[in-house]
Amino acid sequence: MSATASPALHWTLAERTKVMAPSAVREILKISQRADVISFAGGLPSPKTFPVEEFARACAKVLHDQSTAALQYSASEGMPSLRRMVAEALPWDVNPDRVLITTGSQQALDLIAKVFIDPGSRILVETPTYLGALQAFSPMQPVVDGVPAIGEDVDIEALKALRGTGRDAARYFYVLPNFQNPSGGMMSDANRSALADACQALELPIIEDNPYGELWFDQPPPAPISSRVTDGTVYMGSFSKVLAPGLRLGYIVAPDAVFPKLVQAKQAADLHTPSFNQLIVEEVIKDGFLDRHVPGIRALYKAQRDAMLEALREHMPEGVTWNTPNGGMFLWLRMPEGIDTSALFDTAVANGVAFVPGSAFYASRPDVRTMRLSFVTVPAERIRVGIAKLAAVIRQAQ
Ligand SMILES: Cc1ncc(COP(=O)(O)O)c(C=O)c1O
């Protein structure tokens, strides 16, 4: 049967679709997945760290012992035992009833946007910040202001100045204190305390996003901001970087005042996070598996970071600077005056190497001289080759 031609339909899209844009990183990923390109662009964990055998065993056990619970609809808040495990693993006193299991922490960002943002309301983010958060927040049409950094710390005085009052008051400040995406930076202990105090004094809620905190190299990061403020924060975590991102499992810890609204937003979005995935993760982690598993990820990523640092020191031309992250997956580079990393991208790919231009990670006024490099997925010997290629491209542009 052939379809009959119908008159062209005029689709009227919502205003908010005008601010929806494809993720620059996902577009770049498509280009850089070519076999001949060494890609430092991806934000993916190393597949070497996926505990495949443990998942295989847990899948069989869950299907054998709890098939109905695994395959049936379940509570929007999440499986009670997983909520309890999440609460117990956090380093402050967390009520499991205030833990909401989400479909990845990316969904947490989307729910937060729906619950807190009206069109035109102001929100504050770090400079730079996670691109996926900007993507989740922007359809709710906020005015996004970037709070400048001093080194790896938040500039508290600038934050105070940006707080605003009355209808103009910022709804929240979104922060990534540990091994930030994109910069790899880590907020100091003193800065976390100062931020906690300032936000209480300013009555400014904090959204604390912590997917990388467990991936430290030399010493654990200071305690989360959420452990220092009572009821002033919404905290987000994820199993993506310590187990596997394909599970799509994250969580929110939220105070009484906002928890029910986040649950209602979750119900509207997808009823609940897949029961099967929750039970499998529960089965895998219930006997302390993460304490045995995560040190291996830390050691692998630290060796990868060291290989990249060594290659950068060997190959980069004068004037290129970078940080030494103490954890996570990313290194942040800054080019000498006059080099825009977006303009460099096509030549780099043509020469067999890819990165993410830093501009993608700014709410406004991007620092065009920056770029993000992931050090976790490319094997060490390829890291050296890729950095040499990148250095040659930068030298050419000078
Ligand atoms: C800072 C940050 N937050 C949230 C996410 C989303 O992670 P997921 O949805 O896999 O938990 C990511 C992913 O890379 C991230 O870097």
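Position numbers for residues count from 1 along each chain, tracking the sequence in the order it is written. The model is predicted, so local features are restricted to residues of pLDDT at least 70 and side-chain atom pairs to those at 80 or more, both for listing and for counting; the totals for chains, interfaces and linings are taken over all residues. The basis for every side-chain value is the complete set of heavy atoms in the structure, and neither hydrogens nor water enter the calculation.

### Some thoughts on the site of the ligand
One heavy atom suffices: a residue is near a molecule or strand as soon as one of its heavy atoms comes within 4 Å of it. Not every one of the 13 residues close to the ligand is listed here, only the nearest: Asp209, Tyr212, Ser238, Ser240 and Arg248. Any N or O atom pair separated by 3.5 Å or less is treated as a polar contact, with the protein-specific requirement of one donor-capable and one acceptor-capable atom, and with residues adjacent in sequence counted only for side-chain atom pairs. Contacts to the ligand include Asp209, whose side-chain N or O atom sits 2.7 Å from a nitrogen atom. For every accessible area listed, the method is Shrake-Rupley and the probe measures 1.4 Å; residues are considered covered only by the protein chains on display. When the ligand is considered free in solution it has 390 Å² of accessible area, and contact with the protein chains removes 92% of it. Only protein atoms enter the calculation, which uses a 1 Å grid: trapped sets of points that fit a 1.4 Å probe without letting it out are cavities, open sets showing protein on both sides within 12 Å along at least five of seven lines are pockets, and any residue with an atom within 4 Å of a point is a lining residue. Placement in a cavity or pocket follows one criterion, namely that more than half of the molecule's atoms lie within 2 Å of its grid points. Among the detected pockets, the ligand sits in the second largest pocket. Think of it this way: any DSSP run of H or I at least four residues long counts as a helix, any run of E at least two long counts as a strand, and we number them from the N terminus. Counting residues per element, the shell around the ligand draws most heavily on helix α5 (residues 104-116), at three residues. Note on residue classes: Ala, Val, Leu, Ile, Met, Phe, Trp, Tyr, Cys and Pro are nonpolar, Asp, Glu, Lys and Arg are charged, and everything else, Gly too, is polar. Residue composition of the shell around the ligand, by class: four nonpolar, six polar and three charged.

### Notes on the domain arrangement of the protein chain
In terms of domains, the protein chain is made up of domain 1 (15-50 + 291-397) and domain 2 (68-287). Using C-alpha coordinates to define each centre, domain 1 is positioned 25 Å away from domain 2. Interface area, domain 1 with domain 2, both sides summed: about 2,900 Å², of which 61% is carbon and sulfur. Definition used for salt bridges: Asp or Glu carboxyl oxygen within 4 Å of a side-chain nitrogen of Lys or Arg. Inspection of the domain 1/domain 2 interface yields three salt bridges. A salt bridge links Glu214 to Arg298, with the nearest nitrogen and oxygen atoms 3.1 Å apart. Domain start and stop points were drawn from an automatic or database domain assignment. Accessible surface is computed with a 1.4 Å probe, and the buried area is the amount of it that two parts give up when combined, taken over both parts together.

### Some thoughts on unusual backbone geometry
The amide bond that connects Thr127 to the next residue, Pro128, takes the cis arrangement and shows omega of -5°. Topologically, Pro128 is positioned in the loop between β3 (122-126) and α6 (131-137). Cis geometry marks the peptide bond from Asn181 to Pro182; its omega dihedral reads 20°. Unlike most non-glycine residues, Gln141 shows phi in positive territory, near 60°. In this structure, Gln141 sits in the loop between α6 and β4 (143-147).

### Some words on the packing of helix α4 (residues 80-89) against helix α10 (residues 275-285)
Axis definition: a line fitted to C-alpha atoms, over the contacting stretch in the case of helices. Angles run 0 to 180 degrees between N-to-C directions. It is the contact of α4 with α10, at a shortest axis distance of 9 Å, that shows an interaxial angle of 50°. By the angle between their axes, α4 is oblique relative to α10. As α4 runs across α10, the sense of the crossing is left-handed. Contacts between α4 and α10 involve Ser81, Leu82 and Met85 on the former and, on the latter, Gln278, Val281, Glu282 and Ile285. For the contact of α4 with α10, the per-class residue count stands at four nonpolar, two polar and one charged. Reported orientations rely on four angle classes, namely roughly parallel under 35 degrees, roughly antiparallel over 145, roughly perpendicular from 65 to 115, and oblique for the rest. In this scheme the crossing of two helices becomes right-handed for a clockwise turn of the near helix relative to the far one and left-handed for an anticlockwise turn of less than a right angle. Contacts: residue pairs with any heavy atoms within 4.5 Å of one another.

### Focus on the sheet that holds strand β14 (residues 356-357)
Strand pairing in a sheet relies on backbone hydrogen bonds, with the paired strands running either antiparallel or parallel. One requirement defines pairing of two strands: DSSP has to find at least two bridges between them. In space, the four strands of this open sheet follow the order β11-β12-β15-β14, with antiparallel pairing throughout. In the strand order of this sheet, the two ends are held by β11 (321-322) and β14, each with one partner. Both β14 and strand β15 (residues 370-374) contribute to a ladder of two bridges, which runs antiparallel. Counted as the bridge partner of Pro357 is Met371 from β15. Strands β11, β12 (330-334) and β15 of the sheet are contacted by helix α11 (residues 289-315), whose axis makes an angle of about 15° with β12.

### Let's talk about the layout of surface pockets
One way to see where empty space is left: roll a probe the size of a water molecule over the atoms. Grid points are joined across faces, edges and corners, and a volume is the space filled by probe spheres set on the points. Reported here for the largest pocket is a volume of approximately 790 Å³. Together, 32 residues line the largest pocket, and Ala89, Leu90, Glu214, Tyr251 and Leu290 are the ones closest to its centre. Sorting elements by how many residues they give to the lining of the largest pocket places α11 first, with six residues. By residue class, the composition of the lining of the largest pocket is 22 nonpolar, five polar and five charged.

### Remarks on the sheet that holds strand β10 (residues 250-253)
Here seven strands make up an open sheet; going across it, the order is β2-β10-β9-β8-β7-β3-β4 and the pairing mixed. Here the strands that pair on one side only, and so sit at the sheet edges, are β2 (99-102) and β4. Averaged over all adjacent pairs, the angle separating strand axes in this sheet is 20°, with direction ignored. Pairing geometry for β3 and strand β7 (residues 173-175), over two bridges, is parallel.

### Structural notes on the pairing of β12
Judged by how many residues are buried, β12 sits mostly within the fold: four of five residues are covered. Bridge count between β11 and β12: two bridges; the pairing is antiparallel. Bridge assignment links Trp322 to a residue of β12, and that residue is Leu333. Looking at chain direction, β12 and β15 are connected through five bridges and run antiparallel. Bridge pairing links Leu331 to Leu373 in β15. Accessible area is worked out with a 1.4 Å probe on protein chains only. A residue is then buried under 20% of its type maximum, exposed over 50%, and partly exposed in between.

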